[in-house]
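Structural overview
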Amino acid sequence: MHRLTSEPHALEARYDRATAHLDAPLAIVDLPAFDANAADLARRAQGKPIRVASKSVRCRALLERVLARDGFAGIMSFTLAESLWLARSGFSDVLLAYPSADRAAFAELTDDPKLAAAVTVLVDDVAQLELIDAARAGGRAEIRVCLELDTSFRTAGGRMRVGARRSPLREPAQLAEFARLVARRPGFKVVGLMAYEGHVAGVGDAVAGRPLFSRSVRVMQAAARRELARRRWEAVRAVRAEAPDLEFVNGGGTGSVQGTAAEAAVTEVAAGSGLYVPRLFDNFRSFSGRPAALFAQPVVRRPGPGVVTVLGGGYPASGAAGADRLPEPYLPAGLAYDPQEGAGEVQTPLLGAAADGLRVGDKVWFRHAKAGELCERFDALRLVDGDRVVATVPTYRGEGHTFL
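Residue numbers restart at each chain and count upward from 1, following the sequence in its written direction. With pLDDT at 70 or above as the cut-off, local features in this predicted model cover only qualifying residues; side-chain atom pairs require 80 or more to be listed or tallied, and sums for whole chains, interfaces and linings still use all residues. To obtain the side-chain values, all non-hydrogen atoms of the structure were used and water was disregarded.

Secondary structure elements are taken from DSSP: a helix is a run of H or I of four residues or more, a strand is a run of E of two residues or more, and numbering for both begins at the N terminus. Counting its secondary structure elements, the protein contains twelve helices and 19 strands. Against the globule reference of 22 Å for 404 residues, the protein gives a C-alpha radius of gyration of 22 Å, in line with a compact fold. Projecting the C-alpha coordinates of the protein onto the three principal axes gives extents of approximately 70 × 50 × 40 Å. Exposure classes here rest on a 1.4 Å probe applied to the protein chains alone. A residue is buried below 20% of its type maximum, exposed above 50%, and partly exposed in between. Taken across its 404 residues, the protein has 54% of its residues classed as buried. A total accessible area of about 17100 Å² is found for the protein, and carbon and sulfur atoms account for 51% of it. As a reference, a globule follows 2.2 Å times the number of residues to the power 0.38, and the radius of gyration itself is taken over C-alpha atoms. A 1.4 Å probe and the Shrake-Rupley method give the accessible areas. Residues count as covered only by the protein chains that appear here.

Shown next as structure tokens:
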């Protein structure tokens, strides 16, 4: 469990008082924790701007809140439809961090010079450029593109790979060749380069109870950082030779902000999960955030001593299936899943001595394993300051959007 920033009973009591007038299920964001996490991210970025990963927030009001702070600039989006919606909502710098095959959205983008000026799309294959051109319905707006560098760490002569399978563009010469191809193609302009080292930014190096694993992660990450820093520098130099007007070089994530920001080749870093601090980000030596996003489920049954049942709660996170992808019963402290049932679709039994202090109708507070995925389960976030709900803001879902 994450180190609680205050005495667990006091924290639970504060959240219960703030939401006493509201029935669960519900989701909250603790504003002082959210703001403290934002300040810590900015400190770790050492003066380089942080592009906010919208998939880890999924709430326009909170995107606006963090972007109003010094040290944050621009959004890293996850679908083209979302990118267009955000641009129409007034966000002027949106980087789509994943390739798209949304022909209808590309038709809109190429037909609207204002949208095209606000949105940058990711490409790493000629076929993607061809799809965009085929989607043009008479629109001639120049499309801003960002190239992606594969950051995976290869060892044992290339036989072993650590890191996500993303871009096919790995070597600086490949990036330069592709940048040259884009530059020669009418209707496109290379403006950025992205390299997301998820095996460093998203993998904890201090997992409780697993010292040998944690040590091996630290060894791997140290070697991966050295290799990537060299290759990223060479890639940027190679791409700038073909695209001298390159505007940004994006890298990193919540778990690697300070290391990535220290690279001279990088002009901005990305982060999003570090604002909410879900449970998968508890296991890092480099930082310790404050859990800011929580959800509550109501107690609906008391099957016997040492057990209560809450409504729903089976909200697993994406990624390789495992216990670490389940929400964490957080408050009251000391509750655990029944190993035979886990987190259920419509009900979840919870075991532990703390269960005996709960009554039907009481709230149990959970932390999601990942950040923004919580917002796909709730249409609103209650913003808590002290022991009051000071605002209720819609999630993407609450605004009628489920982009992915």
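Moving on, there is more to tell.
On to unusual backbone geometry, then. Cis rather than trans, the peptide bond between Ala-24 and Pro-25 has omega equal to 5°. Relative to the elements of secondary structure, Pro-25 occurs in the loop between helix 1 (8-18) and strand 1 (26-30). Residue Leu-331 is joined to Pro-332 through a cis peptide bond whose omega torsion reads 0°. Along the polypeptide, Pro-332 turns up in the loop between strand 14 (328-331) and strand 15 (336-337). The phi torsion at Gln-46 lies on the positive side, around 55°, for a residue other than glycine. With respect to the secondary-structure elements, Gln-46 resides in the loop between helix 2 (31-44) and strand 2 (50-53).

Next up on the list: the nonpolar core. Membership of the largest hydrophobic core comes to 92 residues, with the highest contact counts inside it found for Leu-62, Leu-80, Leu-109, Val-119, Val-121, Tyr-276 and Leu-381. Not counting the four nearest positions on each side in its chain, Leu-381 is found in contact with Ala-27, Val-29, Cys-59, Leu-62, Tyr-276, Cys-375, Ala-391, Thr-392, Val-393 and Thr-395. We call a set of buried residues a nonpolar core when its members are Ala, Val, Leu, Ile, Met, Phe, Trp, Tyr or Cys and they connect through side-chain atoms within 4.5 Å of each other. Leu-11, Tyr-15, Leu-294 and Leu-331 belong to the second largest nonpolar core, which has 13 residues in total. Between two residues, a contact is recorded if the distance between any of their heavy atoms is within 4.5 Å.

Burial along strand 11 (residues 268-271) is two-sided: the residues Glu-268 and Ala-270 and Val-269 and Ala-271 are all buried. Pairing geometry for strand 10 (residues 248-251) and strand 11, over two bridges, is parallel. Note on strand 11: the bridge partner recorded for Gly-251 is Val-269. In this analysis, strands are considered paired if DSSP registers two or more bridges between them.

Here we take up the packing of aromatic side chains. Any aromatic ring pair is given by two values, namely how distant the centres are and how the planes are angled relative to each other. By convention, a stacked pair of Phe, Tyr or Trp rings (six-membered ring in the case of Trp) has centres within 6.5 Å and planes under 30 degrees apart, an edge-to-face pair has planes over 60 apart, and any other such pair is tilted. Scanning the entire structure with this criterion turns up ten aromatic pairs. Ring centres of Tyr-15 and Trp-365 lie 5.6 Å apart, and the angle between their planes is 50°; this geometry places the pair in the tilted category. Residue Tyr-15 is found in helix 1, and its partner Trp-365 is found in strand 17 (residues 363-367); the two are separated by 350 residues along the sequence. Classification of Tyr-15 as buried rests on a relative accessible area of 1%. Judged by its relative accessible area of 0%, Trp-365 is buried. Here Trp-85 and Phe-403 contribute two aromatic rings whose centre-to-centre distance is 5.6 Å and whose plane-to-plane angle is 45°, an arrangement assigned as tilted.

Packing of helix 2 against helix 3 (residues 60-67) brings their axes to within 11 Å, and their N-to-C directions diverge by 45°. Taken together, the axes of helix 2 and helix 3 are oblique relative to one another. In this structure, helix 2 meets helix 3 at a crossing whose hand is right-handed. Judged by residue contacts, Leu-31, Phe-34, Asp-35 and Ala-38 of helix 2 engage Leu-62, Arg-65 and Val-66 from helix 3. Simply put, an axis is a line fit to the C-alpha atoms, just over the touching stretch for a helix, and the angle between two N-to-C directions goes from 0 to 180 degrees. For classification purposes, an angle smaller than 35 degrees is called roughly parallel, one larger than 145 roughly antiparallel, one from 65 to 115 roughly perpendicular, and anything else oblique. The handedness criterion is simple: a crossing whose near helix is rotated anticlockwise from the far helix by less than a right angle is left-handed, and one whose near helix is rotated clockwise is right-handed.

Throughout, a disulfide means two cysteine sulfur atoms within 2.5 Å of one another. Enumeration according to the criterion identifies zero disulfides in this entry. Not engaged in a disulfide, the cysteine Cys-59 finds its nearest cysteine sulfur in Cys-375; these two sulfurs lie 6.4 Å apart.

A separate point is the pattern of salt bridges. A pairing counts as a salt bridge when a side-chain nitrogen of Lys or Arg comes within 4 Å of a carboxyl oxygen of Asp or Glu. As enumerated under the stated definition, the model contains 24 salt bridges in all. Arg-185 is paired through a salt bridge with Asp-133; the nearest N and O atoms lie 3.0 Å apart. Highlighted residues: Arg-185 in the loop between helix 8 (172-184) and strand 9 (188-195) and Asp-133 in helix 7 (residues 126-135), separated in sequence by 52 residues. Ionic pairing is found between Arg-325 and Asp-324, a salt bridge with its closest N-O pair at 3.7 Å. On the basis of relative accessible area, Asp-324 is assigned to the partly exposed category, the value being 36%. Three or more residues joined by partner-sharing salt bridges are found here, namely Asp-35, Arg-65 and Arg-69.

On to the pairing of strand 5 (residues 119-123), then. Two faces make up the sheet, and in a regular strand the side chains alternate between them. Strand 5 sits mainly inside the fold: five of its five residues count as buried. Where strand 5 meets strand 6 (residues 143-148), four bridges bridge the pair, whose relative direction is parallel. From the neighbouring strand, Thr-120 faces strand 6, where its bridge partner is Arg-144.

What follows covers the sheet that holds strand 4 (residues 94-96). Read around the closed barrel, eight strands run 2-3-4-5-6-9-10-11, paired in parallel fashion. When the angles between neighbouring strand axes are averaged without regard to direction, this sheet yields 30°. Bridging between strand 6 and strand 9 involves six bridges; their strand directions are parallel. Along strand 9, the bridge assignment pairs Glu-148 with Met-194. Where helix 7 meets the sheet, its contacts fall on strand 5, strand 6 and strand 9, and the angle it forms with strand 5 comes to roughly 135°.

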